[in-house]
Amino acid sequence: MYTFNYDILWGYRWLFLNGTLVTIGLTIGIIVLGLLLGLIAGLAQLSRFAVLRWVSWLYIELFRCTPLLVQLLWFYYALPILVGIQIDAVTASVLTLSLYGGSFYAEVIRGGVVSIEPGQTEAGLALGMTPARVMRRIVLPQAVKRMIPPLMNQSIIQFKNTSLVSVVAVPDLLYQGQVAATDTFRPLEVYSIVALIYFVVLVPLTAVVKRAERKLQVSH
Amino acid sequence: MNTPKIEVAALKKQFGDHVVLRDINLKIDPGAVVALIGPSGSGKSTLLRCLNLLVVPNGGRIRIGSDAFDFDGAKAMPKPKAQAKFRSNTGMVFQHFNLFPHMTVLQNVMEGPVSAKNMHKGEAEAIARRLLAKVGLADKADAFPNRLSGGQKQRVAIARALAMEPEVMLFDEATSALDPELVSEVLSVMRDLAAEGMTMIIVTHEIAFAREVADRVVFMRDGVIVEEGPAREVIDNPRQEATRSFLSHFHTRN
């Protein structure tokens with residue numbers, strides 16, 4: 001019978017804390033960058049210029065339809081050969097996760113924009129506003145409300161996706177867990193704690209998403 | 001004789017193979033009120049939307065005031081900025097109001113001057129409050145559109161269009177989506193506007209209103225103007241069989 005020994009984990013508390021902070025920091029970075037990329041790609045999908053639509057389509061499908069782990073390895077090991085510059089693990093990770101997240105955000109943002117009745121755009125144009133102004137003042141403020149729940153959902157997935165960066169030795173929560181597990185020969189305790197930490201951070205966030213969804217239903 | 005405020009020449013529009021406007025020629029004098037009537041699918045709404053470039057014609061020419069555009073299927077459309085400037089000179093009122101739900105009534109009316117004319121907010125607010133008082137909704141300035149009745153929404157929409165101080169007002173079935181008891185409050189605002197000398201084109205099914213308020217009536221069917229003339233003449237004594245048959249569906253009590 002296996003005897004659990006959680007006491008030995010106490011000695012690794014700073015390691016776990018450190019890893020958690022790296023994971024959270026990484027998540028914030030890739031959400032901000034991903035949203036920026038998603039906004040650009042999502043709006044480009046709706047552009048009147050075919051080139052922009054085509055380029056953003058290629059980007060979105062390329063990153064939606066290949067595995068994230070493959071993308072990460074490609075950006076870390078393959079891209080440096082192609083461009084001849086060494087890319088450190090954190091940069092490669094942030095780049096990959098942001099591009100990956102951005103492709104999903106883009107679809108959410110495009111969907112939110114097209115869900116606004118055409119009459120809103122027509123009313124803005126009829127007043128003499130330029131299409132860009134109409135997008136910024138009339139369509140986006142309404143669309144953002146509808147986008148928030150799916151964007152938050154995607155961000156929760158992104159938080160969990162950061163665990164993949166441990167394969168390129170970014171010292172996130174999972175990577176530090178691996179260090180502790182190898183040190184202590186206690187993978188059961190270590191990986192249980194690691195899972196618990198992800199869980200404890202995310203459960204309150206999902207509650208926030210649920211509330212946002214409910215509030216949205218009330219206001220419509 | 002005045003130069004016409006609006007001139008439409010040889011206007012054509014088709015969606016794919018479906019021809020909606022065949023060869024529309026129209027001149028409208030300053031201050032004139034023109035009612036555009038006809039069965040659904042006759043192209044009257046498309047014609048109105050062409051005047052505001054919400055629908056881009058395939059051919060012909062439109063002049064409103066001093067702005068003119070020539071349309072030629074092969075040629076590229078005018079730039080968005082030029083289109084916006086053209087549109088800012090015409091006010092449009094839609095069947096379904098299309099108020100901005102995320103803004104208060106006051107902000108709805110201020111939006112045009114602030115966003116399209118870069119007007120100072122204080123100045124725009126003064127204009128907006130004056131127009132809201134004019135349509136009888138001064139007390140609703142801080143309400144959101146979802147708190148208003150259909151008739152109130154449409155009056156706000158009229159104030160919003162007027163805030164741009166357009167030379168021409170276009171009404172696209174402005175009362176068709178309203179409950180019958182709310183129609184008259186909107187028509188009365190339109191009547192006042194006509195009396196002030198605003199040039200107006202009204203797409204409507206309110207034949208009695210057209211007869212009373214409009215100077216001229218244009219009857220359209222299948223993308224062409226079938227008959228055009230002084231309102232009472234066309235409605236009371238239509239010359240064309242198509243006009244007669246269309247008007248027979250309405251009971252206009254004189």
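Let me begin by describing the structure that accompanies this report.

Reading guide: rules and limits
Residues numbered from 1 in each chain as written. Chains lettered and ligands numbered in written order. Predicted model: local features only at pLDDT ≥ 70, side-chain atom pairs only at ≥ 80, totals over all residues. Heavy atoms only, no water. Helix = DSSP H or I, 4+ residues; strand = E, 2+ residues; numbered from the N terminus. Rg over C-alpha atoms; globule rule 2.2 N^0.38 Å. Buried < 20%, exposed > 50% of the residue type's maximum accessible area, 1.4 Å probe, protein only. Contact = heavy atoms within 4.5 Å. Areas by Shrake-Rupley, 256 points an atom, 1.4 Å probe, with all protein chains shown as cover. Lys, Arg positive; Asp, Glu negative; His and termini not counted. Charge placed at Lys NZ, Arg CZ, Asp CG, Glu CD. Patch = residues over 30% accessible without salt bridge, like charges linked within 9 Å, V, L, I, M, F, W, Y side chains within 5 Å. Salt bridge = Lys/Arg side-chain N within 4 Å of Asp/Glu carboxyl O. Axes fitted to C-alpha atoms, helices over the stretch in contact; angles between N-to-C directions. Parallel < 35°, antiparallel > 145°, perpendicular 65-115°, else oblique. Left-handed = near helix turned anticlockwise from the far one by under 90°. Nonpolar A, V, L, I, M, F, W, Y, C, P; charged D, E, K, R; others polar. 1 Å grid on protein atoms, 1.4 Å probe; cavity = no way out; pocket = protein on both sides within 12 Å on 5 of 7 lines; lining within 4 Å. Points joined across faces, edges and corners; volume = space filled by probe spheres on them.

## A word on the overall build of chain B
Then, in step 1: On a plain count of helices and strands, chain B comes out with nine helices and ten strands.
Then, in step 2: For 254 residues, the compact-globule formula gives about 18 Å, and the C-alpha radius of gyration of chain B, at 18 Å, lands near that figure.
Then, in step 3: Across its three principal axes, chain B shows a C-alpha extent of roughly 50 × 50 × 40 Å.
Then, in step 4: Buried residues in chain B amount to 56% of all 254 residues.

## Comments concerning the overall build of chain A
Then, in step 1: Broken down by element type, chain A carries nine helices and zero strands.
Then, in step 2: A principal-axis box enclosing the C-alpha atoms of chain A has dimensions of 75 × 50 × 25 Å.
Then, in step 3: When the 220 residues of chain A are sorted by exposure, 40% land in the buried category.
Then, in step 4: Long-range pairs, those at least 24 residues apart, make up 73% of the contacts in chain A between residues at least 6 apart in sequence.
Then, in step 5: Carbon and sulfur atoms make up 71% of the accessible area of chain A, which amounts to about 11,900 Å² in all.
Then, in step 6: When the 16 basic and 10 acidic side-chain charges of chain A are each reduced to a single mean position, those positions are 13 Å apart.

## Some details on a positive patch on the surface
All names here are of chain A.
Then, in step 1: Taken together, the side chains of Lys210, Arg211, Arg214 and Lys215 present a region of like positive charge at the surface.
Then, in step 2: Mapping Lys210 onto the fold places it in helix H9 (residues 187–218).
Then, in step 3: Judged by relative accessible area, which is 55%, Lys210 ranks as exposed.

## Re the packing of helix H4 (residues 68–83) of chain A against helix H5 (residues 89–114) of chain A
Packed helix pairs are characterised by how far apart their axes lie and by the angle those axes make with each other.
Residue and element names in this part refer to chain A.
Then, in step 1: Between H4 and H5, whose axes approach to 9 Å, the crossing angle comes to 140 degrees. Here H4 is positioned oblique relative to H5, judged by the angle of their axes. Crossing geometry of H4 relative to H5 is assigned as right-handed. Contact with H4, carried on its side by Leu68, Gln71, Leu72, Phe75 and Tyr76, involves Ala89, Ala92, Ser93, Leu95, Thr96, Leu97, Leu99 and Tyr100 of H5 and no other residues of that element.
Then, in step 2: Grouping the constituent residues of the contact of H4 with H5 by class yields ten nonpolar, three polar and no charged.

## Focus: the layout of surface pockets
Then, in step 1: If you add up the space inside the largest pocket, you get close to 990 Å³.
Then, in step 2: Considering the residues around the largest pocket, the lining is formed by 30 residues, among which Leu46, Arg48, Thr121, Leu125 and Pro131 of chain A are closest to the centre.
Then, in step 3: For the lining of the largest pocket, the secondary structure elements donating two or more residues are helix H2 (13–44), H5, helix H6 (118–126) and helix H7 (131–161) of chain A together with helix H2 (80–87) of chain B.
Then, in step 4: If one sorts the elements of the lining of the largest pocket by residue count, H7 of chain A sits on top with seven residues.
Then, in step 5: Classifying every residue of the lining of the largest pocket gives 22 nonpolar, three polar and five charged.

## Observations regarding the pattern of salt bridges
Close approach of charged atoms lets side chains of opposite charge pair.
Then, in step 1: This structure, assessed with the given rule, holds 20 salt bridges over all chains.
Then, in step 2: With a shortest N-O distance of 3.4 Å, Glu241 of chain B and Arg244 of chain B are connected by a salt bridge. Here Arg244 of chain B and Glu241 of chain B lie together in helix H9 (residues 241–247), a separation of three residues that amounts to about one turn.
Then, in step 3: For Glu241 of chain B, a relative accessible area of 52% gives the class exposed.
Then, in step 4: Overlapping salt bridges, with partners in common, bring together Glu61, Arg64, Glu107 and Arg110 of chain A in one network.

Keep in mind these values describe shape, not function.
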